[in-house]
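Single-letter residue listing:
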Amino acid sequence: MSAYVDQFPAEARIVRAAFWSSFIALGVGGLLGLVQVLHRTDVVRFMSGADYYTVLTLHGVLLAITFTIFFLVGIFTWAITTSLDRGLENLRFTWLWYGLMSVGTVLAAIPILAGFVGSVDMSASVLFTFYAPMQAHPLFYLGLTIFVVGTWLAGADWFRTWLVWKREHPDERIPLPTFMVLTTMLFWYLSSLGVALSILLFLLPWSLGIWEQVNALLTRTLFWYFGHAVVYFWLMPAYMMWYLMLPKISGGKLFSDPLARVVFVLFLILSTPTGIHHQYLDPGIAEGFKFIVMTNTFFLLLPSLLTAFTVVASMEHGARQRGGTGYFGWLKALPWRDPIFTGMALAGLMFAAAGFSGMINAGMNINYLVHNTFWVVGHFHLTVGTAVALTFMAASYWFIPQVTGKRLWNKSVALWQVLLWFVGMTFMSNAMHRAGLLGVPRRTAEPQYAGFEFEAGLGSVAELDAQIALGGTLLFVSVVLFLANVVMTAVGDRIDDLPDNEYADTLSGADDAPLVLDNLKLWTAIAVVLVILAYTLPLLSIIDRGGVFGPGGGAFPMVAESLRLVVVAAVDAGVIG
Amino acid sequence: MTELEREIGHDEYDPIGTLALIAVYSAILVVMWLFMYFVEFLGNDLTVVGVIG
């Protein structure tokens, strides 16, 4: 055995490229997070309220899409090549999908950034949730499409590698890391189809002026068809790290390979037919459909609870092998000085808290209490903002040496960095949840109103704002420490004594898993049937009521109108036509 | 990698600590859910139609 960069030098290059793309997004997105948190809490306001939404869009898109997905294509490439013990089939194809993802990101970022420049008639301040009637410049939709096509080709690359491996190993079980990648990509294909349809059939032609208006509820429903499943696209790679890395770093073995397979199969089946739970307050979707979706959503707690059990049991196995004893005493035997372990373990702990606020979001009646409030922002900063982001950062401390062949610059800084993230997020997220309970809205630049005060039962709004500003600042410092550490690592010298490229062994291995778990066609078919059951009637009823193209209301801002003016002006000036 | 004091195989391993942690977590979930439903949800006025002005 040896380090990844020595085993697969060409693939290590692509993983490095994906990581750097991801880290650039993290740096810019993190800085915008700081700007936002200080503006909202009225600590420092140096831009207009309107620019806040441009900042919010860029923060959301860069962190939720670019940072997460670039990172995950890196570790998925690692997982496929390491567990199948073979390189990718055609590296030109690999660079093609990486290139498409990069070009797509840049194209989507241009109109968002142009939103800051008043003299350029181009903007895309539509937030990460880019459904109608908010309208972006066509370039934004085009960029997103190219990015998503890049991820589809990445999936094809991994499937192809697996199929070639399978021909050579007809009787072997799919290795667990590969199994995780394949199931995750299958539901990504299924769920991203919704956003592809939304963009290609409606939003892009609408922004080009081909359609006069679109059915706003239809584009919302198609967005959330993708918008909930995408959270599992971020989360599954984090789960993969918890299953494959945490047991090993803890000094133990993965408790159960079959349970891990069951979890990923459940996510493949259940992650998509749940999107309407983001629309509990939408008029135009009948209560009965919402109830079905709520039921699906609560079933989805099952694989996360299975994960909590399996991952904690694997850590406990390590702790007991290291001499830990007692009901709780074993926790002391875990390697808390290792930033990789501590980062991932704290991310898991935060995810347990997120499980609670997620249950509140998922309940149809209690959801009315928190819908569209700051609570929801607190919730997803625990999930994607910590369970995923902190796991990725902690995992980077293992991956960056593996793919560069260099020693981690500073382990103590890394440990402080993950702790700082945990502390910062505790302040920020907890205060956001509490503010949400008071009714403080989300997606609002200046949430203070003349003649109205939010009443805090405990503490005060000023205290909550102070905690949010403090937390946000600590998180930004944590991002800076992280980036400094990975950059300094990358510029260091090559070393020869890197740990081997390995992942956790299992207590109960693949041979104990029923063969049917590896039947990807069966699970995909069930997933498709569930999607058809959950979505056919709601979509038909939305179209039946409003038509395919309405009711939509006027687009905001009127991009198509301004484009028409440009064309008319160009024709008048004799430039074209 | 860390030095291990003992090797624990599949059959000797009994994840009792995991059970203890999950029991604590479940208790927290139940208490917080009861608080959210009975105090915050039923105990408050409508949040969507607040009194302004």
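Every chain is numbered on its own, with residues counted from 1 as its sequence reads. Both sets of labels track the order of writing: A upward for chains, 1 upward for ligands. Thresholds applied to this predicted model are a pLDDT of at least 70 for local features of residues and 80 or more for the giving and counting of side-chain atom pairs; totals over whole chains, interfaces and linings are not thresholded and use all residues.

Chemist: Would you explain the overall build of chain B in this entry?
Modeler: We count a stretch as a helix when DSSP gives it H or I for four or more residues in a row; a strand needs E for two or more, and each element gets its number in order from the N terminus. Scanning chain B for helices and strands turns up 1 helix and 0 strands. Expressed as a percentage of its 53 residues, the buried residues of chain B come to 9%. For the exposure call, what matters is how many other C-beta atoms sit within 10 Å of a residue's own: 20 or more marks it buried, 12 or fewer exposed, and in between partly exposed, using C-beta atoms placed from the backbone.

Chemist: I would appreciate a short explanation of the overall build of chain A in the present structure.
Modeler: When helices and strands are tallied, chain A shows 19 helices and 2 strands. Against the globule reference of 25 Å for 577 residues, chain A gives a C-alpha radius of gyration of 24 Å, in line with a compact fold. When the backbone C-alpha atoms are referred to their principal axes, chain A occupies close to 70 × 60 × 55 Å. Out of the 577 residues in chain A, the part that is buried amounts to 56%. By the criterion used throughout, residues are in contact when their C-beta atoms, derived from the backbone, lie within 7 Å. A sequence separation of at least 24 residues applies to 86% of the contacts in chain A between residues at least 6 apart. Radius of gyration: over C-alpha atoms. The globule rule applied is 2.2 Å multiplied by the number of residues raised to the 0.38 power.

Chemist: Help me out: how do you make sense of the environment of His371(A) in this one?
Modeler: All names here are of chain A. Relative to the assigned elements, His371 resides in the loop between α14 (367-370) and α15 (374-404). For His371, a count of 18 C-beta atoms within 10 Å gives the class partly exposed. Spatially, the C-alpha atom of His371 lies 10.0 Å from that of Ile360, the residues being 11 residues apart in sequence. Look past the residues within four positions of His371 in its chain and what remains in contact with it is Tyr280 and Leu281.

Chemist: Before we go on, may I ask you to explain the packing of helix α3 (residues 49-84) of chain A against helix α4 (residues 91-114) of chain A in this structure?
Modeler: In a pair of packed helices, the angle between the axes and the distance between the axes together describe the arrangement. Residue and element names in this part refer to chain A. Where α3 meets α4, the axes come as close as 11 Å, and the angle between the chain directions of the two elements is 175°. Regarding the angle of α3 to α4, the classification is roughly antiparallel. Across the interface between the two elements, Thr54, Thr57, Leu58, Val61, Thr66 and Phe70 of α3 pack against Met101, Thr105, Ala108 and Ile112 of α4. Helix axes are fitted to C-alpha atoms over the stretch in contact, other axes to C-alpha atoms as well, and angles between N-to-C directions run from 0 to 180 degrees. For classification purposes, an angle smaller than 35 degrees is called roughly parallel, one larger than 145 roughly antiparallel, one from 65 to 115 roughly perpendicular, and anything else oblique.

Chemist: What exactly am I supposed to notice about the interface of chain A and chain B here?
Modeler: By a widely used convention, the size of an interface equals the accessible area lost when the partners come together. Every contact between the two is made by 29 residues of chain A and, on the other side, 28 residues of chain B. Mapped by element, the contributors of at least two residues to the side of chain A that touches chain B are α12 (301-321), α13 (339-362), α14 and β2 (506-508) of chain A. Looking at the side of chain A that touches chain B, the element that brings in the most residues is α12(A), giving 8 residues. Broken down by class, the residue content of the side of chain A that touches chain B amounts to 19 nonpolar, 7 polar and 3 charged. Amino acid classes used here: Ala, Val, Leu, Ile, Met, Phe, Trp, Tyr, Cys and Pro are nonpolar; Asp, Glu, Lys and Arg are charged; the rest, including Gly, are polar.

Chemist: Explain helix α11 (residues 287-299) of chain A here, please?
Modeler: Because each turn of an α-helix spans 3.6 residues, side chains separated by three or four positions in sequence point in the same direction. Residues and elements named next belong to chain A. The end-to-end C-alpha separation of α11 is 19 Å, in line with the 18 Å expected for 13 residues at 1.5 Å each. Of the residues making up α11, those classed as buried are Val293, Asn296 and Thr297. End-on, the buried residues of α11 take up no more than an arc of 100°, which puts them together on one face. Seen from the open side of α11, the exposed residues pointing more than 90 degrees away from its buried face are Glu287, Gly288 and Phe291. Helix span is expected to be 1.5 Å times the residue number reduced by one. Comment: arc refers to directions from the helix axis out to C-beta atoms.

Chemist: Hey, could you run me through the confidence of the model for chain B in this one?
Modeler: In low-pLDDT segments, the atomic positions of the prediction should not be examined closely. Residues of chain B with pLDDT of at least 70 account for 81%, and the chain-wide mean is 84. Scored as a complex, the prediction yields pTM 0.94 and ipTM 0.87. Per-residue confidence from the predictor is reported as pLDDT, which spans 0 to 100.

Chemist: Help me understand the environment of Trp421(A) in this model?
Modeler: All names here are of chain A. With respect to the helices and strands, the residue Trp421 is situated in helix α16 (residues 411-437). Linking Trp421 and Leu474, residues 53 residues apart in sequence, is a C-alpha distance of 6.9 Å. Not counting residues within four places of it along the chain, the set of residues in contact with Trp421 comprises Leu390, Leu475 and Ser478.

Chemist: Before we go on, may I ask you to explain unusual backbone geometry in this structure?
Modeler: Where the residue is not glycine, phi is negative for most of them; where a peptide bond is considered, it is trans in most cases. All names here are of chain A. Here Ala132 and Pro133 are connected by a cis peptide whose omega angle stands at 5°. Tracing the chain through its elements places Pro133 in the loop between α4 and α5 (138-168). With phi around 65°, Leu127 is a residue other than glycine that occupies positive phi space. With respect to the helices and strands, the residue Leu127 is situated in the loop between α4 and α5. Unlike most non-glycine residues, Arg443 shows phi in positive territory, near 50°.

Chemist: Whenever I open this one, the packing of α3(A) against helix α6 (residues 176-207) of chain A confuses me. Can you help?
Modeler: Residues and elements named next belong to chain A. Their axes nearest at 8 Å, the elements α3 and α6 cross at an angle of 140°. With respect to α6, the axis of α3 lies oblique. The element α3 and its partner α6 pack so that their crossing is left-handed. Mapping the contact onto sequence places Phe76, Ala79, Ile80, Thr82, Ser83 and Leu84 in α3 and Leu176, Pro177, Thr178, Met180 and Val181 in α6. Note on convention: the crossing is left-handed when the near helix lies turned anticlockwise from the far helix by less than a right angle, right-handed when the turn is clockwise.

Chemist: Just to check I follow, could you spell out the environment of Arg443(A) for this structure?
Modeler: Residue and element names in this part refer to chain A. Mapping Arg443 onto the fold places it in the loop between α16 and α17 (461-490). Spatially, the C-alpha atoms of Arg443 and Asn410 are 38 Å apart, while their sequence positions differ by 33 residues. With near-sequence residues (within four places) excluded, Arg443 lies in contact with Leu56 and Leu127.

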